Amino acid sequence: MSLRKMDIKSVVVGGGPIASIIVLEPQDALHKSSLRLPIRIGHIEAMAISLGVDQTPQGRPLTHDLMRSLLDALNADLKSVRITGVSGTTFFAQLEIISDEGKHHYIDARPSDAVALAVRTGSPIYADEMVLETAAAPDFADVEKDVKKQEMADFHEFVESLNPEDFS
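In what follows, the accompanying structure is described. These numbers come from a predicted model, not from an experiment. Numbers given for residues are sequential positions, taken from 1 along each chain in its written order. Restriction of local features to residues with pLDDT of at least 70 applies here, the model being predicted, together with a cutoff of 80 or more for giving and counting side-chain atom pairs; totals for whole chains, interfaces and linings are based on all residues. Each side-chain value is worked out from all heavy atoms of the structure, with water and hydrogens disregarded.

### A few points about the overall build of the chain
The condition is simple: A helix here means a DSSP run of H or I that spans at least four residues, while a strand means a run of E at least two residues long, and both kinds are numbered starting from the N terminus. Think of it in three bands: residues with accessible area under 20% of the maximum for their type are buried, residues over 50% are exposed, and the middle band is partly exposed, with areas taken using a 1.4 Å probe on protein chains only. Throughout, a contact is declared for two residues whenever any of their heavy atoms are within 4.5 Å.
For the chain, the count of helices and strands is five helices and eight strands. Helices and strands in the chain line up, N terminus first, as β-β-β-α-α-β-β-β-α-β-α-β-α. Taken across its 168 residues, the chain has 32% of its residues classed as buried. Considering only contacts within the chain whose residues lie at least 6 apart along the sequence, 53% involve residues at least 24 apart.

### Overview of the nonpolar core
Quick reminder of the rule: Think of a nonpolar core as a cluster: buried Ala, Val, Leu, Ile, Met, Phe, Trp, Tyr and Cys residues, connected wherever their side-chain atoms sit within 4.5 Å.
In this structure, Leu24, Leu37, Ile39, Ile83 and Leu95 are the most contacted members of the largest nonpolar core, which totals 29 residues. Looking at this core, the elements with two or more residues in it are β2 (20-26), β3 (35-41), α1 (43-54), β4 (77-87), β5 (90-98), α3 (111-121), β7 (125-128) and α4 (129-135). Here this core takes six residues from α3, the largest share from any one element. Setting aside its immediate chain neighbours within four residues, Ile39 contacts Ser20, Ile21, Ile22, Leu24, Ile83, Phe91 and Pro111.

### A short note on unusual backbone geometry
Generally, phi is negative for residues other than glycine and the peptide bonds are trans, each holding for most cases. Phi at Asn75 is positive, roughly 55 degrees, even though this residue is not glycine. Turning to its location among the elements, Asn75 is positioned in the loop between α2 (63-73) and β4. Using a relative accessible area of 53% as the deciding quantity, one classes Asn75 as exposed.

### Details of the side chain of Ser99
Rule in force here: N or O atoms within 3.5 Å of each other form a polar contact, as long as, within protein, one can give a hydrogen and the other can take it, and as long as residues adjacent in sequence are counted only when both atoms are side-chain atoms.
Residue position: Ser99 is located in the loop between β5 and β6 (104-109). Within the structure, Ser99 has its side chain in polar contact with the side chain of Glu101 (distance 3.1 Å). Not counting residues within four places of it along the chain, the set of residues in contact with Ser99 comprises Asn75, Ala76 and His105.

### Topic: α1
Because each turn of an α-helix spans 3.6 residues, side chains separated by three or four positions in sequence point in the same direction. Here is the rule we go by: A helix is expected to reach a length of 1.5 Å times the quantity of its residues less one.
Helix length check: α1 (twelve residues) gives 16 Å between terminal C-alpha atoms against 16 Å at 1.5 Å per residue, within 8%. The set of residues buried in α1 consists of Glu45, Ala46, Ala48, Ile49, Ser50, Leu51 and Gly52. Elements that come into contact with the buried residues of α1 comprise β1 (3-12), β2, β3, α2 and α3. Looking one or two residues past α1, Gln55 carries a phi angle of roughly 55 degrees, positive in sign.

### So, the packing of α1 against α3
The test is simple: Note on definitions: angles span 0 to 180 degrees between N-to-C directions of axes, and those axes are lines fitted to C-alpha atoms, for helices only across the stretch in contact. If an angle is under 35 degrees, it is roughly parallel; if it is over 145, roughly antiparallel; if it lies from 65 to 115, roughly perpendicular; otherwise it is oblique. Each crossing gets its hand from how the near helix is turned against the far one by less than a right angle, where anticlockwise is left-handed and clockwise is right-handed. Throughout this entry, Asp, Glu, Lys and Arg are counted as charged residues, while Ala, Val, Leu, Ile, Met, Phe, Trp, Tyr, Cys and Pro are counted as nonpolar. The remaining residues, Gly among them, count as polar.
The geometry of α1 relative to α3 is characterised by a closest axis approach of 8 Å and an angle of 15 degrees between their N-to-C directions. Judged on the interaxial angle alone, α3 and α1 are roughly parallel. You can see that α1 and α3 cross each other, and the crossing is left-handed. Contact residues: Glu45, Ala48, Ile49, Leu51, Gly52 and Val53 in α1; Ser112, Asp113, Val115, Ala116, Val119 and Arg120 in α3. Classifying every residue of the contact of α1 with α3 by side-chain character gives seven nonpolar, two polar and three charged.

### Let's talk about the pattern of salt bridges
The cut-off we apply is this: Whenever a carboxyl oxygen of Asp or Glu lies within 4 Å of a side-chain nitrogen of Lys or Arg, that contact is scored as a salt bridge.
Within this structure, the stated rule accounts for seven salt bridges. For Asp65, the salt bridge is made with Arg68, and the minimal N-O distance between the two is 3.9 Å. Here Arg68 and Asp65 lie together in helix α2, a separation of three residues that amounts to about one turn. The buried category is assigned to Asp65, whose relative accessible area is 14%. Among the charged side chains, a network of salt bridges with common partners joins Glu45, Arg110 and Asp113.

Structural data, given as structure tokens:
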């Protein structure tokens with residue numbers, strides 16, 4: 001499995017007919033690309049991720065805060081979150097947990113729950129290259145910049161090719 005480190009680009013908390021999504025982007029500067037990995041998630045899960053990113057204090061622990069407390073109580077660490085697969089619109093993830101004895105455990109999880117826990121523990125998020133090849137989308141802002149850059153180059157070439165006779 002070839003993994004790429006990801007950052008959270010945005011979390012969209014939808015409502016009603018508007019879907020909630022989390023958008024991940026590759027972090028590695030060597031692989032600087034305009035790829036984005038959008039993952040559709042539930043509204044509640046999007047809210048849980050947003051609260052974790054913002055580190056908004058809650059009166060009582062939410063589920064992902066409880067999970068973090070359990071890891072702490074067991075002297076275990078969430079080493080990483082891995083987006084490991086995709087089938088249709090369903091994504092699959094794993095929690096890589098290291099016990100206090102140093103044993104690695106890989107636990108199946110929904111990406112939304114895994115990311116919500118990762119933001120609370122400061123753990124890195126990775127995506128399998130195959131998932132990126134299958135489900136990533138271009139960042140259309142970067143595509144638009146490239147198109148405008150090409151249009152400017154074409155216009156510059158046109159202006160450079162003009163002769164005074166062209167205006168008579």
